[in-house]
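Understanding the architecture of this molecule
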Amino acid sequence: NLRKLAGRSHRFTNLRQVQGASATITGIIASQCGFPVKVGTHLAVNSTISAIDRPYENETCLADTLSENNYQTVFMGGAPLSFAGKGKFLETHGYEQVYGERELTPLLSDTNYRHGWGLYDDSLFDMAREKLLELEGSDQPYLLTLLTLDTHHPKGYLSGSCKRHKELNDQMAQAIYCSDQLISSFILDAMNTVDMEDTVIVLFSDHISMRNSFWNVLRENQKKRRLSFMIFDDSSGGTSKVRGHHFDIAPTVLEAAGLPGTLKVGAGS
């Protein structure tokens, strides 16, 4: 489904992950602020950022710029905001409404419908559809950012609403198959809800996959691995093979949103 949708997007096929942007929090910071986070091990990064009340408060990041331009800014993710200091970072850098597991769980029809990392993605997307309609009802421009969970290593998680593939025996494979359904469905619904002449929809992977049940295949193809990045707007789309990194995401998104003069974000271009 996403491969079919990619034909309607500006697709960047040569974005490489660099050191300091290999986990969720570092991928968010690198893509929204334009610099890597080099603290040491993955666990050290998570604990260090969690201990900071206002991470990188003197830096200007994606949502900071949009907030300064009168955008409403909303983040929704199924995992706890406390993990790796994610909530503190988002609240420090331009996000006015920040929702994680604790904030979203009471909105579930069944509050037990969760997994070890938080909410299933089908619940997140259902809530995001409601938030999208709410934001569309306002006269203000907005940024709505979603962070999915169902393909989290090592095995992935299967949202209950997804169709299963009869020939896939691996749980991570099923989780990827499921995520393809959920993400593409949400993008199509969003495209049918908004005015695409005034809207930019962005699909981006926060980092390449960590060790999971496909690790042997991933390791054998390490040099071929790339980040996913697609921009949907009112144009016909196309494919770019220009080499880039996390640091280029924020300025590219700002340019796509029509905010000239704000394109310098960290090391990005």
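These remarks concern the structure in this document. (Residues numbered from 1 in each chain as written. Predicted model: local features only at pLDDT ≥ 70, side-chain atom pairs only at ≥ 80, totals over all residues. Heavy atoms only, no water.)

**Describing the nonpolar core**
How we decide: The definition of a nonpolar core used throughout is a set of buried Ala, Val, Leu, Ile, Met, Phe, Trp, Tyr and Cys residues joined through side-chain atoms within 4.5 Å. In this scheme, a residue with accessible area under 20% of its type's maximum is buried, one over 50% is exposed, and one in between is partly exposed, where area comes from a 1.4 Å probe on protein chains only. In this text, helices come from DSSP runs of H or I with a minimum length of four residues, and strands from runs of E with a minimum of two, each type numbered from the N-terminal end. By the convention used here, residues are in contact when the closest approach between their heavy atoms is within 4.5 Å.
In this structure, I29, L66, F75, F89, Y95 and F229 are the most contacted members of the largest nonpolar core, which totals 33 residues. Elements that contribute at least two residues to this core include exactly helix 2 (24-33), helix 4 (62-68), helix 5 (86-92), strand 6 (142-147), strand 8 (229-232) and helix 10 (249-256). Aside from chain neighbours lying at most four places away, what touches F75 is L81, K86, L90, Y95, Q97, V98, Y99, T145 and L147.

**As for the sheet that holds strand 8**
Quick note on the threshold: Criterion used throughout: strands pair if DSSP finds at least two bridges between them. Structural elements are reduced to axes, namely lines fitted to C-alpha atoms, with helices fitted over the stretch in contact, and the angle between N-to-C directions of any two is expressed from 0 to 180 degrees.
The strand order across the open sheet formed by 4 strands is 7-8-1-9, and the pairing between neighbours is mixed. Of all strands in the sheet, those bounded by a partner on one side alone are strand 7 (201-204) and strand 9 (238-240). Pairwise comparison of adjacent strand axes, ignoring direction, gives a mean angle of 15° for this sheet. As judged from the 2 bridges shared by strand 1 (residues 10-12) and strand 8, these two strands associate in the antiparallel manner. Within strand 8, the position partnered with R11 by the bridge is M230. Here helix 8 (residues 171-193) sits on the sheet in contact with strand 7 and strand 8, set at roughly 165° to strand 7.

**A closer look at helix 10**
Most of helix 10 is tucked away, with 6 of its 8 residues classed as buried. Residues of helix 10 that are buried sit in contact with strand 1, helix 2, helix 4, strand 7 and strand 8. Phi for G258, located one or two positions after helix 10, is positive at around 80°.

**Examining the pairing of strand 2 (residues 72-77)**
The two faces of the sheet receive side chains in turn, since in a regular strand these alternate between them. Condition: Here a crossover is taken to be right-handed if, once the strands point away from the viewer, the path from the first strand over the helix to the second is traced clockwise.
Burial of strand 2 is extensive: 6 of the 6 residues sit out of reach of the surface. A two-sided burial pattern is seen for strand 2, the buried positions comprising Q72, V74 and M76 on one face and T73, F75 and G77 on the other. As judged from the 6 bridges shared by strand 2 and strand 6, these two strands associate in the parallel manner. Directly across from V74, in strand 6, lies its bridge partner L144. Strand direction decides the pairing type here: strand 2 and strand 3 (residues 97-99), joined by 3 bridges, are parallel. Paired with F75 across the strands is V98, a residue of strand 3. Regarding the hand of the β-α-β motif, the stretch spanning strand 2, helix 5 and strand 3 is right-handed.

**Details of the pattern of salt bridges**
Our working rule: Criterion for a salt bridge: a side-chain nitrogen of Lys or Arg within 4 Å of a carboxyl oxygen of Asp or Glu.
Following the criterion strictly, the structure yields 7 salt bridges and no others. Note that E57 is salt-bridged to R54, the shortest N-O span being 3.1 Å. Given the relative accessible area of 45%, R54 is considered partly exposed. Put simply, E101 and R114 hold a salt bridge, and the shortest N to O gap is 3.3 Å. Of this pair, E101 sits in helix 6 (residues 101-104) while R114 sits in strand 4 (residues 114-115), and the two are 13 residues apart along the sequence. E101 gets classed as buried once you look at its relative accessible area, which sits at 16%. You can call R114 partly exposed: its relative accessible area is 33%.

**A few points about the packing of aromatic side chains**
Using the following cut-off: Two aromatic rings, drawn from Phe, Tyr or Trp (for Trp, its six-membered ring), form a pair once their centres lie within 6.5 Å of each other, and the interplanar angle then sorts them: stacked below 30 degrees, edge-to-face above 60, tilted otherwise.
Enumeration over the complete set of coordinates arrives at 7 aromatic pairs. For the ring pair F75 and Y95, a centre distance of 6.3 Å and an interplane angle of 80° mean the geometry is edge-to-face. Within this pair, whereas F75 is found in strand 2, its partner Y95 is found in the loop between helix 5 and strand 3, the two being separated by 20 residues in sequence. Members of the aromatic cluster, joined through ring pairs, are F12, F204 and F229.

**Concerning the sheet that holds strand 6**
What the 3 strands build is an open sheet, ordered 3-2-6; its pairing is parallel. Across the chains shown, the open sheet's two edge strands, defined by having one partner strand only, are strand 3 and strand 6. Between one strand and the next, the sheet's axes are offset by a mean angle of 10°, whatever the strand orientation.

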